[in-house]
Structures are given as structure tokens and as C-alpha cells.
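This is what each chain is made of:
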Amino acid sequence: MEQGVLSKHPSRFTDAASPLLASTLHIRQFGKVLGGIIMAATNQVFVAVIGAGGVGKAFLSQLRNLASHKPSPKLKLCYISTSRKALYNDDYSEVNMEGVVEALANSSKTPPALPQVIDYLAAAPAKSILVDNTSSQDVADQYPLALSRGVSIVTPNKKAFSGSYQLWQAIFTAAATSGAKVYHESSVGAGLPVISTLKDLVETGDKVTKIEGVFSGTMSFLFNSFAPTEGAGGKWSDEVKKAKNLGYTEPDPRDDLNGLDVARKLTILARLAGLAVESPTSFPVQSLIPKELESCRSGDEFLDKLPAFDQQMEETKAAAEKVGKVVRFVGSIDVAANKVKVGLEMFDRSHPIAALKGSDNIISFYTERYGSNPLIVQGAGAGGDVTAMGVTADLIKVVAQIS
Ligand SMILES: NC(=O)c1ccc[n+]([C@@H]2O[C@H](COP(=O)([O-])OP(=O)(O)OC[C@H]3O[C@@H](n4cnc5c(N)ncnc54)[C@H](OP(=O)(O)O)[C@@H]3O)[C@@H](O)[C@H]2O)c1
Ligand SMILES: N[C@@H](CCO)C(=O)O
């Protein structure tokens, strides 16, 4: 069947109105039921992907590789979309993973509303997984519905887990009730094992007292190159543009520079450590957006105007240099005191946080078992390939549990 054909089935995508089409659709329905029985008899899992940007493209490449090496269960891409384009087959036949990004760009189909996509996945002839590679709050808000319909979720999107506490509870209640799985390792520390490590600590009965470190690949890259431990460093605004071009920033780099990206990650970790943090704005977060640029209407306008404010960051850097230190953007969760904070701090040049390279994150878990020597996770904290690795690894875990 041609990719993108829609069905008349009320629980699936709908757009056919003519009687002729309706009768054709009855035949299709029969074929679909028969096809469904045959397909369900084989071991397969349906994968739907929303978002094909830096992380999404790298994920699709890893998925193609995984599917080609993994005969069972067969991983079938059945749906893919960006905000304006979609590709899918109404009869759940596979969307070809070879050249899928180009095919999606050339598709004449627009994405159906998310509840319709969830209907489609819930009615698939085998278990399905929705991979959300967007940073969209609208997509995140649909997770409880998807999970309650038995559709598992894998995502690097922080929005669902760092939004309202009510959404957090709705997600995990829906998953517990339906048995569908939800994995989001790459929402903190990109592909680094941060969430899984924290969960393991908590679930095995250790008492986490403090989590601290560098949680942003963008901020790490910016300060490592703008205020290196040796040498002069680049211009702040140039480094911000480089971070965007390297794919480290959020779609809008202001979401990194205003501290909110780190605040979201700390909200997720604090909740996993047992704190009922209400939102990423319910604790102190330092923004690096110059006051004069707070009213910029777009990320592009902000980047164009930023060079005129480089002096502000130069002064921050000079103040640290004056006392023989460097400045870095860090976060901490004091679990015992129920305190979370995000912002700039000064470090000795020999401190492990000062000595980070590239986009590296460093996250220290202080616990009762580990005593005064924390368990430390360190490595690249941003970038398409490493982030997609976390997403693909989560997919493998979910497939193993649902198939
Ligand atoms: N980049 C990293 O290093 C990194 C690391 C860890 C986590 N993450 C997270 O990974 C996610 C993706 O990041 P990215 O760097 O790949 O972003 P990106 O390059 O901006 O790509 C975002 C993709 O999502 C699509 N999209 C946005 N809103 C959508 C919607 N409502 N419905 C359907 N598609 C939508 C966009 O389509 P259009 O282009 O058509 O809008 C685009 O294809 C984000 O949540 C980010 O926080 C990224
Ligand atoms: N923009 C984010 C991506 C990873 O979540 C960062 O720089 O850390």
C-alpha cells in the first residue's frame, strides 16, 4: 500500500469521505484484520518516531542498524513525523528505514493530531513504542494517554518529567496500570548512565544525600572554551554560536543560557531521589541571558544581538581570574535539606569540574554506601550520536520487556 494512505476506521486516521472510498475501505479493513492476525502471529514490535532533528536522525540511523542485526523481535518502523511532515502506512506495513529522512522531507502528508497517532499505535497488531525525539511540551502532555493505551514511551525529551508534578504522577500511574514502559535516560546527561544509576541506588536501598556537578553539555562546552584553565579562551557569543552549530544546544539556545535546561534535569533527578519538586522554577536558577535581551522574540534575534553584551561575561570571567579561579555553571541537589540550586560558581583550576573538556558532564552521587567518595559519572553530555545511543539503549530495554 502507498505510504500515507488513511483509513475510515474510527480509531485510526480518517480523511476518506466518498461512498466509493468507504466500500474500498471495507475491503481494506478485511485485509487489515487478516494481515493483523498474520502479523501478530510473528514476533514483532512497532516503532513510531516523532522528531527527526539532530538526535532524531542519529536515532534513525542506530535503529536501522539495530533492526538489521536483530531478527527477533522484528522492529518495524510504522510512523515518523516532524512538526510539518509525516510518513505512515494505514495497514501497518513497514516504512522503509533506508532513506527515511529524505522520504519524510518529500512527503506530502501532514502529521495527524497526536491522539489519533496514539489510537493508531494502540490498535497495532503487536506492541508498539513511541519514540519522542522532540522537545515539545505538547507531545510530552500526551504520554499519560499513550501509556494508558498500552503504548510504551522512549524519549530524551525533558518536558514530561520536569513539567508539573501532576504530569509526572499521571505518567507513572498510567504506566503502572497498563504495564506499558517509559524510559528517558537521555533526558539527563545525554547517553550517560545518570538516571539508571540513580534508580539503581534508590531501588537497592541506598540513601542518596547529595547530587552535584555539571549537567549541561552546552554550558560545559561554553565555559571550557570561553574560560579554559590554560590560555585566553574565545569570545562568549562566538562560543554560543559554535555550541549551537555542534548540535549541543536546545532548539532555542536561550533555553540553555537561562539555566532552565539544567533546572529541568535537576527536577528530574530530585524527583527520582524522592523529592516532590513542583517545577523547574520552584528553586533558584541563575540566568545568563543579558537583561536587555530578555525581550528578544526569537533565538536568531538573540544570537544576532548577543555580541554587543560579551563584556558582561568577560567581567564574570575576570572576577574569577583575579582570585586564581575559573567560573563554571553547576547545579546541586541537597536531598536531606530539600534544596536545589543552579548557577555560576568559581573553582580552583585543578578541580575536576574546572578541568572538564568539550561538552563533558560530571555528576557526583553522594550516598550512605559510597560515603565521602562519591560515585561519579562523566563523559559527553550533548550531541546527536551520544544522545541517540541513550535512546536506542532504552528502546532495546523496552523491547526486551514487552515482546
Ligand atoms: N541535542 C542534544 O545534544 C540533546 C541531548 C540530550 C537530550 N536532547 C533532547 O533531545 C530532543 C531533541 O533534540 P534535538 O537536538 O534533536 O532537537 P532538534 O534538532 O531541534 O529537532 C527537533 C525535532 O523535533 C521536531 N518537532 C518539534 N516539535 C514537534 C511536534 N510538536 N511534533 C512533531 N515533531 C516536532 C522538529 O521538527 P520541525 O523541524 O519540523 O519543527 C525536529 O525534527 C530534545 O528534547 C532535547 O532536549 C538533546
Ligand atoms: N542542550 C542540552 C542537551 C542535553 O540535554 C545540553 O546542552 O546539555
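Residues numbered from 1 in each chain as written. Chains lettered and ligands numbered in written order. Predicted model: local features only at pLDDT ≥ 70, side-chain atom pairs only at ≥ 80, totals over all residues. Heavy atoms only, no water.

### Structural notes on the sheet that holds strand β7 (residues 208–214)
Sheet strands line up and pair through hydrogen bonds in the backbone, either parallel or antiparallel. Read from one edge of the open sheet, five strands run β9-β8-β7-β10-β11, paired in antiparallel fashion. Among the strands making up the open sheet, the edge pair consists of β9 (339–348) and β11 (375–380). Each adjacent strand pair in this sheet contributes to an overall mean axis angle of 20 degrees, direction not counted. In this structure, β7 lies alongside strand β8 (residues 325–334), joined through four bridges in antiparallel fashion. Bridge pairing in β8 links glycine 213 to glycine 331. Strand contacts of helix α15 (residues 310–322): β8 and β9, with the helix running at about 95 degrees to β8, the strand carrying the most contacts. (Pairing = 2+ DSSP bridges. Helix = DSSP H or I, 4+ residues; strand = E, 2+ residues; numbered from the N terminus. Axes fitted to C-alpha atoms, helices over the stretch in contact; angles between N-to-C directions. Contact = heavy atoms within 4.5 Å.)

### Quick notes on the packing of helix α10 (residues 217–226) against helix α11 (residues 236–245)
Put simply, α10 and α11 touch, their axes get as near as 9 Å, and they point 140 degrees apart. Judged by the angle between their axes, α10 and α11 are oblique. Both α10 and α11 take part in a crossing whose hand is right-handed. Every residue of α11 that contacts α10 at Thr218, Phe221, Leu222, Phe223, Ser225 and Phe226 is listed here: Trp236, Glu239, Val240, Lys242 and Ala243. Partitioning the contact of α10 with α11 into residue classes produces seven nonpolar, two polar and two charged. (Parallel < 35°, antiparallel > 145°, perpendicular 65-115°, else oblique. Left-handed = near helix turned anticlockwise from the far one by under 90°. Nonpolar A, V, L, I, M, F, W, Y, C, P; charged D, E, K, R; others polar.)

### Brief notes about α11
By the burial criterion, the buried members of α11 are Trp236, Ser237, Glu239, Val240 and Ala243. Along the axis of α11, the buried residues cluster in a sector spanning 160 degrees; they form a single face. On its buried side, α11 packs onto α10, α12 (254–257), α14 (299–305) and α15. (Buried < 20%, exposed > 50% of the residue type's maximum accessible area, 1.4 Å probe, protein only. Arc of directions from axis to C-beta.)

### Observations concerning the nonpolar core
Membership of the largest hydrophobic core comes to 84 residues, with the highest contact counts inside it found for Phe223 and Trp236. When residues in this core are grouped by element, the largest group, seven residues, is from helix α13 (residues 260–272). Among the nonpolar cores identified, the runner-up in size contains 26 residues, and Val47, Val100, Ala388 and Val399 belong to it. (Core = buried A, V, L, I, M, F, W, Y, C linked by side-chain atoms within 4.5 Å.)

### Details of the site of ligand 2
Residues in contact with ligand 2, as listed here, are Lys158, Ser216, Gly217, Thr218, Tyr248, Thr249, Glu250, Asp256, Asp261, Lys265 and Gly381. One of the backbone nitrogen or oxygen atoms of glycine 217 is found 2.8 Å away from an oxygen atom of ligand 2. Within the side chain of glutamate 250, one N or O atom sits 2.8 Å away from a nitrogen atom of ligand 2. Of all the elements in the fold, those that place two or more residues in the shell around ligand 2 are α10 and α13. Its residues placed into classes, the shell around ligand 2 shows one nonpolar, five polar and five charged. (Near = heavy atom within 4 Å. Polar contact = N/O pair within 3.5 Å; in protein donor to acceptor, adjacent residues only side chain to side chain.)

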